[in-house]
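Letter by letter, the chains look like this.
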Amino acid sequence: MKKFQRIIICLFAVTLLFLVGCSGKTESNKEENKKNELVIAQEGEPKSLDVHNGNDGYSLKINKLIYSR
């Protein structure tokens, strides 16, 4: 009976280590995603990112940043 309990505990430990070791979310993935992000602070939000529909000041600023050469 003790041998069976040891086997169960070992299988549980191996399964737990496998699940923890194979998790896909790591700190390096989060840092890579942050490197590809551009954050711009404004007082307000643009109405639209469409060049033809966004005619307020915030939309014009964002569109100029997106579509400038």
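Residues numbered from 1 in each chain as written. Predicted model: local features only at pLDDT ≥ 70, side-chain atom pairs only at ≥ 80, totals over all residues. Heavy atoms only, no water.

Draft legend 1. Region of the structure containing the overall build of the protein chain. Across its full length, the protein chain holds three helices and zero strands. Ordering the α and β elements of the protein chain from the N terminus gives α-α-α. In the protein chain, which comprises 69 residues, the share counted as buried stands at 7%. Looking at the protein chain as shown, the accessible area adds up to about 7,000 Å², and 60% of this sits on carbon and sulfur atoms. (Helix = DSSP H or I, 4+ residues; strand = E, 2+ residues; numbered from the N terminus. Buried < 20%, exposed > 50% of the residue type's maximum accessible area, 1.4 Å probe, protein only. Areas by Shrake-Rupley, 256 points an atom, 1.4 Å probe, with all protein chains shown as cover.)

Draft legend 2. The confidence of the model for the protein chain, seen in detail. Chain-level statistics for the protein chain give a pLDDT mean of 81 and a share of 83% at 70 or above. Within the protein chain, helix α3 (residues 57-67) carries the highest mean pLDDT (87), whereas helix α2 (residues 27-35) carries the lowest (65). (pLDDT = per-residue confidence, 0-100.)

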